[in-house]
There are 4 protein chains.
Amino acid sequence: MTASAAGRPRLRDLGVAVGRFPVGEHNAITDVDGVRVNHVTLVEGSGKLVPGMGPVRTGVTAVMPAHGDPFLNRVYAASYVLNGAGEVTGLNQIEEWGLCETPILLCSTLCVGRVADATVAWLSQRHPKIGQEYDVVIPVVAECDDSYLNDAVGRHVTPADVAEALDGVRSGPVEEGCVGAGTGMQTFHFAGGIGTSSRKVELAGVVYTVGSLVLSNFGNRNLLRMDGVPIGRLIAERFAHVPMRGPAGSIIVLVATDVPMTHRQLSRLSRRAALAIGRTGGYAAHNSGEIILSWSTANRIPRLSDHGRHTVELILDTEIDPLYEATVDTVEEAILNALCAGEDMVGHSGHRAPALPVELVAELLQRHRIAHVVDPPPSMNKPFQPR
Amino acid sequence: MTASAAGRPRLRDLGVAVGRFPVGEHNAITDVDGVRVNHVTLVEGSGKLVPGMGPVRTGVTAVMPAHGDPFLNRVYAASYVLNGAGEVTGLNQIEEWGLCETPILLCSTLCVGRVADATVAWLSQRHPKIGQEYDVVIPVVAECDDSYLNDAVGRHVTPADVAEALDGVRSGPVEEGCVGAGTGMQTFHFAGGIGTSSRKVELAGVVYTVGSLVLSNFGNRNLLRMDGVPIGRLIAERFAHVPMRGPAGSIIVLVATDVPMTHRQLSRLSRRAALAIGRTGGYAAHNSGEIILSWSTANRIPRLSDHGRHTVELILDTEIDPLYEATVDTVEEAILNALCAGEDMVGHSGHRAPALPVELVAELLQRHRIAHVVDPPPSMNKPFQPR
Amino acid sequence: MTASAAGRPRLRDLGVAVGRFPVGEHNAITDVDGVRVNHVTLVEGSGKLVPGMGPVRTGVTAVMPAHGDPFLNRVYAASYVLNGAGEVTGLNQIEEWGLCETPILLCSTLCVGRVADATVAWLSQRHPKIGQEYDVVIPVVAECDDSYLNDAVGRHVTPADVAEALDGVRSGPVEEGCVGAGTGMQTFHFAGGIGTSSRKVELAGVVYTVGSLVLSNFGNRNLLRMDGVPIGRLIAERFAHVPMRGPAGSIIVLVATDVPMTHRQLSRLSRRAALAIGRTGGYAAHNSGEIILSWSTANRIPRLSDHGRHTVELILDTEIDPLYEATVDTVEEAILNALCAGEDMVGHSGHRAPALPVELVAELLQRHRIAHVVDPPPSMNKPFQPR
Amino acid sequence: MTASAAGRPRLRDLGVAVGRFPVGEHNAITDVDGVRVNHVTLVEGSGKLVPGMGPVRTGVTAVMPAHGDPFLNRVYAASYVLNGAGEVTGLNQIEEWGLCETPILLCSTLCVGRVADATVAWLSQRHPKIGQEYDVVIPVVAECDDSYLNDAVGRHVTPADVAEALDGVRSGPVEEGCVGAGTGMQTFHFAGGIGTSSRKVELAGVVYTVGSLVLSNFGNRNLLRMDGVPIGRLIAERFAHVPMRGPAGSIIVLVATDVPMTHRQLSRLSRRAALAIGRTGGYAAHNSGEIILSWSTANRIPRLSDHGRHTVELILDTEIDPLYEATVDTVEEAILNALCAGEDMVGHSGHRAPALPVELVAELLQRHRIAHVVDPPPSMNKPFQPR
């Protein structure tokens, strides 16, 4: 499985490198050691929507937040709700305990209940003490709405699909675009829902990794900006005849890092991640659930402890600015990667999400990059002379 | 069906009237015009826990927040999370849009996914435009953990149970105690999970109604206070040999009113409702999800509108104090009603929640009430003389 | 200086011990090692209000949150706003950084600006790098409104008063009632604004201390409950002829502990502290700012660090319940101590706050305590027999 | 007084129009009918910093949120704290009551206390019932830190300056750059702290106005983006020899509109406004307080009312997306206007904030704009052909 579906380029293949930090090995959330991802993609049927029957353009994505089992060794986590017109189950508990103790599932909005139920089943099998000594568990399931392309009411994700997604999580390259939960999603009205990116960043003498993965389903075609260039406006005419869905939307942003941080620090990080949505041209439309979930793999909090205390090393807030900067970069690039990877997707009833025309976009981006380099204005590198 | 299970008394039958306001016709959340409730109670089997098989001590409770269909005519709503170690699906959207647009379901923690899924099915059947013109829906499902008595892992609530609960919602008296979602719940380690109460309160010349319904599953037996009297401490010895479950807990509080209020005002109301938990002897234990959801039936917000604007009459905040006071009273009384109504409940593996000994409690409450009335201290009614 | 003004009793002298935990040496916030308090009390003039001239019934209270200088060695801190109709400057920063880095000042609402300004001056003198290497500082100043008794518009607290309060902070007994910022305050319409209390509590094998100090200015006379007993209702008639101020109110609650906790944990603690307000009969009236600020003295976060990281030992959330319970108890007792300590206070224009009639109250409390002990109901200590 | 200091251009004079909506008459927050602004600018002395003496590079800016007196006729308001390392007094009350009832003052961090005190004095003179029938008032004062250029510890703003700022508020053009509270501020390490912008936007058939005003003091020079173009990176070399202050930051964003909105809706608007900070290249540095305050002039809430209720017309959330989009545009443009308007500012101790080199920037922006227009790629306007 390649990192990008069907040989399509990633953003960097178009010559764009967002920000100033180096990327991790796979430029993916899995560059954070221990983070694992898997997609189950469901594409079946075509033609008019028959609710409950199809066509099917959906899937499920599973993310294991860290090495081993998060139920026994929890990770510090936190969230930020930029726009709450969306659902992430388990968010109350993440905010209250500052911990994530389950895998994270992504899916279609109307499938949240059934994916949550399947995750409870999967966890209960692995942890027979659930419902007995370990009380209970509340899984983390996040969603966007794929009903423009998919028979959403059909809720076509099965418990077996969820188990397959969970059982197959792995490190290494992450497939992007119209895969897993992102199968029927659109980014700025182009096909593609899953994107990822990572950065290496040095804080207080140690090199850490931060990676993002988005389930992206937001944005207005005409407002798309790629690394600042108003691509959406430039290519609008070319797509003027392709109908755009109405008010729907949403984006789920997952941010993982090995920087040792508490809930409060991860909450701050989550708020910063939202800024990337603005950079790409989003404004968090009324109907667009935009929710960020961040976690740190550095300190693990055991479910059971003999000691009643734990000792953690934490980064000081005063050292953290490069991580903020790099995180915004990863989210911006993850969104744009989702966009680059999506292939034309035809859904029910003739609804269509076109692929981003990557060759044209590459040419436009290149023209902007060279605008100032060739024959620069004479004063550009002349030192500033105060009056 | 009587308002109190099996002929057990309600708190007022013990001679206690919390606060100074009159109650509504049924002293129930259904006294708020349009609010409807129904329980489906599941009790099957006995003996040792066989996960997935039983014994079953659970159920589901459906609450319709207002007249008609909340999906088409939404109500203003808001929440407060006193302790987020619990789940209410749809809460992000309630906070973001300030609206509740679905019925509210209560159930066992591990059933949340499947009850949410069944509610999506029920709503999709009634609203065929879901997944098409109306985009999607996120149902509101709240939980407490009944695994001490119930085979929670078995997730014994079926889609048919959910549909039955929803189809049967009705106004009038509300059954309390070990019914519906409250079947396997405990309040201060006594049997009983569902309680309700209401008040009439005059604001700016108009008499309104406020009602609460709790799914109560919290509290430490020894700390129970009833109208201020330390009943838990007084009767502790009598129950010393009955094992208490460990760290579990939780309470979901629903508050409905016909006072015309916005999201912000309902958010304030929700924070006040939490104070009642303190009055009964709760302190929001680490593991106890304590979440309040409030709504107003007064202004309905249509799903679709030709006008793009709506005009609402709102109570001024400066008039609202009596409602705050009355709301705390209803929540306190609803919790105590849950406690009074619960009959002895034997769950799996010999786990047991005893009924509150209501005759003894009535006698103790009575002794406290008369302590100051008979032979009052000479100075009690002597006017204060400033020095 | 004695712990209680003018020889008046504290709550425990009336025979009431709130909760089940032992108190610290002084039953005061200063029992938390390093916490220091000082009051400057301003009482001058009498008669009709002449805005800007008097009469003066106000003051300022300074609290040093820990040993040494919090500006150089910050403490973890967090807050909870039960009702935001009040002001605590610096709260944004406490919530963002999870730290308190200044002393905490309490005063009259209209004095907040000038007390904040005086605190900036006091801090700048001690830390010449402020405004240079250390950038700037935002002091923490909290308020209640004493305008019913005091010439609030006159803003009679001077920079010298603030400096005197800060310079004189000390451990040991804390004066309560109508002193410092509490001079012109009222609790349930009785005189007295400052109260304090503490508890010893064992978590995971270590005995810690938690202490509260309140600036209390809230409550409706008729609703007062003392340890559950409806004292307000019982003695209402005696005070029926004493006018009560209108809609005013507010309470600031400070909670200090040596339990090693982060911001998130202190945020949870702050929410619990609010429950005590409900126990005493408060319902957080519209106009009553009710704000809790908590901190831990256990881990100190240096302003400057060579390392960029710090290592902290933290209590696990699963061990924390006794602290929650004890904290609610301290806040309840601190409020009631403020009430017990206040002496009759006559303010401007004949406005008056009477002292609580402590002898009568003691007798009423005693009657309730013995109600169940003498000649208990036969079934009270008979073991529960399941059916 | 011209809208831009000393004849410097505004962003639009450089050929850039952010977004797709038309601007108001003055492209200023004062285009929202009733909003009035005034600056008092204090520049005195030069040379080495002598704390308490100078040099002075500071000021105060007063904003009257609506026609008439906000104390008697309050406006709906709400806030969002992107990064709480900053202070806005009165924010608790704005969030609790959903109202702004005072003018808004902007100033240097260390002046907040004294500006708040002066505002209390100014308000008390106008409203003699304050401290009597009207209880008290908590003014809204927001800050950024100008200590890199200004003798901040000197707190050079006097009560007379505050009164002058308040007395002189007016509609019409708003001076930008190094004026009022923005005198000693820097935006992306260039001189200039005050900027403003407005848009006309049609919602549900009515044309409304939204305007922003920023006190901008944030950003890293190299990261500056203007309408997406990485100006900071392009001109970095030219300023490489100009030292940059250390721990940057802060920005206060004020957003006014005549769209009829509640607190909840304004809270959503505030969160969107923050996205503009990301667009310009900000990432909300640890030390940078980034706070947004929004209000609507459409419905006025009287301080006193005979009726106890009020009737308001509100825009439906479903109509609001264009306002979100336009608001982000105004904030982006306001920040860039602050940058364009600032003239070289030399502060204490040789600290310096250079003016943005607007001619060079104009040329760079122009090159980017034409990159795609001249000789466009052949496929750019060719209609998309699905496969």
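Cut-offs used in this document
- Residues numbered from 1 in each chain as written.
- Chains lettered and ligands numbered in written order.
- Predicted model: local features only at pLDDT ≥ 70, side-chain atom pairs only at ≥ 80, totals over all residues.
- Heavy atoms only, no water.
- Helix = DSSP H or I, 4+ residues; strand = E, 2+ residues; numbered from the N terminus.
- Rg over C-alpha atoms; globule rule 2.2 N^0.38 Å.
- Buried < 20%, exposed > 50% of the residue type's maximum accessible area, 1.4 Å probe, protein only.
- Contact = heavy atoms within 4.5 Å.
- Areas by Shrake-Rupley, 256 points an atom, 1.4 Å probe, with all protein chains shown as cover.
- Lys, Arg positive; Asp, Glu negative; His and termini not counted.
- Charge placed at Lys NZ, Arg CZ, Asp CG, Glu CD.
- Buried area = accessible area lost by both parts, 1.4 Å probe.
- Salt bridge = Lys/Arg side-chain N within 4 Å of Asp/Glu carboxyl O.
- Polar contact = N/O pair within 3.5 Å; in protein donor to acceptor, adjacent residues only side chain to side chain.
- Least-squares fit on C-alpha atoms with pLDDT ≥ 70 in both.
- Pairing = 2+ DSSP bridges.
- Axes fitted to C-alpha atoms, helices over the stretch in contact; angles between N-to-C directions.
- Patch = residues over 30% accessible without salt bridge, like charges linked within 9 Å, V, L, I, M, F, W, Y side chains within 5 Å.

Caption draft 1: Region of interest: the overall build of chain A. Across its full length, chain A holds eight helices and 15 strands. A compact globule built from 387 residues would reach a C-alpha radius of gyration of about 21 Å, and chain A, at 21 Å, matches this within 12%. Scored against the burial criterion, the 387 residues of chain A give a buried share of 71%. If you take every contact in chain A between residues at least 6 apart in sequence, the share linking residues at least 24 apart comes to 82%. For chain A, the accessible surface area stands at approximately 11000 Å², while carbon and sulfur atoms represent 52% of it. Distance between charge centres in chain A, computed from 33 positive and 41 negative side chains, equals 5 Å.

Caption draft 2: Up close: the interface of chain D and chain A. Chain D puts 56 residues into the contact, and the matching count from chain A is 56 residues. Summing both sides of the interface, chain D and chain A together bury roughly 5300 Å²; the carbon and sulfur share of this comes to 52%. Connecting chain D to chain A are two salt bridges. Note that Asp 227 of chain A and Arg 225 of chain D form a salt bridge whose closest N and O atoms lie 2.9 Å from each other. The interface formed by chain D and chain A holds 30 residue pairs in polar contact (both at pLDDT 80 or more) in total. By residue number, the principal contributor to the side of chain D that touches chain A is helix α5 (residues 263-279) of chain D, which donates seven residues.

Caption draft 3: A look at the relation of the copies chain D and chain A. The two copies are related by a screw operation: chain D maps onto chain A through 180° of rotation and 0.0 Å of translation along the axis, at an RMSD of 0.0 Å. On the angle and the small slide along the axis, the relation comes out as a two-fold axis. Scanning chain D for the C-alpha nearest the rotation axis identifies Gly 228 of chain D, at a separation of 1.9 Å. A shared binding surface is used by both copies, with 100% of the interface residues of chain D retained as interface residues in chain A.

Caption draft 4: Spotlight on the sheet that holds strand β9 (residues 194-203) of chain A. All names here are of chain A. If you walk across this open sheet you meet the six strands as β4-β3-β12-β11-β10-β9, and the pairing is mixed. The sheet terminates laterally at β4 (99-100) and β9, the two strands that pair on one side only. Summarising the sheet, strand β3 (residues 73-83) and β4 pair through two bridges and their orientation is antiparallel. Across the sheet, the residue bridging to Val 75 is Cys 100, located in β4. Strand contacts of helix α7 (residues 321-341): β9, β10 (206-216) and β11 (251-257), with the helix running at about 160° to β9, the strand carrying the most contacts.

Caption draft 5: Summary view of the interface of chain D and chain C. Counting residues at the interface gives 42 residues for chain D, matched by 41 residues for chain C. If you look at where chain D meets chain C, you find four salt bridges. Arg 114 of chain D is the salt-bridge partner of Asp 117 of chain C, the closest N and O atoms lying 2.9 Å from each other. Seen at the junction of chain D and chain C, the total is twelve residue pairs in polar contact (both at pLDDT 80 or more). Within the residue set of the side of chain D that touches chain C, elements represented by two or more residues are β3 (73-83), α1 (91-97) and α2 (112-126) of chain D.

Caption draft 6: Representation of the pattern of salt bridges within the structure. One pass over the full model with this rule turns up 72 salt bridges over all chains. A salt bridge links Arg 264 of chain C to Asp 317 of chain C; the shortest N-O distance between them is 2.8 Å. Of this pair, Arg 264 of chain C sits in helix α5 (residues 263-273) while Asp 317 of chain C sits in the loop between β13 (309-315) and α7 (321-341), and the two are 53 residues apart along the sequence. According to the relative accessible area criterion, Asp 317 of chain C is buried, its value standing at 9%. Linked by salt bridges that have partners in common, Glu 96 of chain A together with Arg 264, Arg 268, Arg 271, Arg 272 and Asp 317 of chain C make up one network.

Caption draft 7: Molecular detail of the sheet that holds strand β2 (residues 56-64) of chain B. Residues and elements named next belong to chain B. Spatially, four strands are ordered β1-β2-β5-β6 in an open sheet, and the strand pairing comes out mixed. The open sheet has two edge strands with one neighbour each: β1 (36-44) and β6 (140-144). When strand polarity is set aside, the average angle formed by the axes of neighbouring strands in this sheet is 15°. Helix-sheet contacts for helix α2 (residues 112-126) involve β2, β5 (104-108) and β6, and the interaxial angle to β5 is about 150°.

Caption draft 8: Focus on a nonpolar patch on the surface. Nonpolar side chains collect at one region of the surface, where Ile 370, Val 373 and Val 374 of chain A lie side by side and expose about 270 Å² of accessible area between them. When its relative accessible area of 55% is taken as the criterion, Val 374 of chain A is described as exposed.

Caption draft 9: Fine view of the relation of the copies chain D and chain C. In the superposition of chain D on chain C (RMSD 0.0 Å, axial shift 0.0 Å), the rotation amounts to 180°. Both copies contact each other with a shared surface, as 98% of the interface residues of chain D are interface residues in chain C too.

Caption draft 10: Representation of the environment of Pro 230 of chain B. Its location among the elements puts Pro 230 of chain B in the loop between β10 (206-216) and α4 (231-234). In this structure the C-alpha to C-alpha distance between Pro 230 of chain B and Thr 280 of chain B, which are 50 residues apart in sequence, comes to 9.1 Å.

Caption draft 11: Here's a closer look at unusual backbone geometry. Here the amide bond leading from Gly 54 of chain C into Pro 55 of chain C is cis, since omega sits at 0°, within 30 degrees of zero. Mapped onto the elements, Pro 55 of chain C comes out in the loop between β1 (36-44) and β2 (56-64). A positive phi angle, near 55°, is found at Phe 188 of chain B, a position not held by glycine. With respect to the helices, strands and loops of the structure, Phe 188 of chain B is situated in the loop between β7 (186-187) and β8 (190-191). A positive phi angle is found at Asn 27 of chain D, which is not glycine, with a value near 45°. Overall, the relative accessible area of 6% leaves Asn 27 of chain D in the buried class.

These figures come from the coordinates and say nothing about function on their own.
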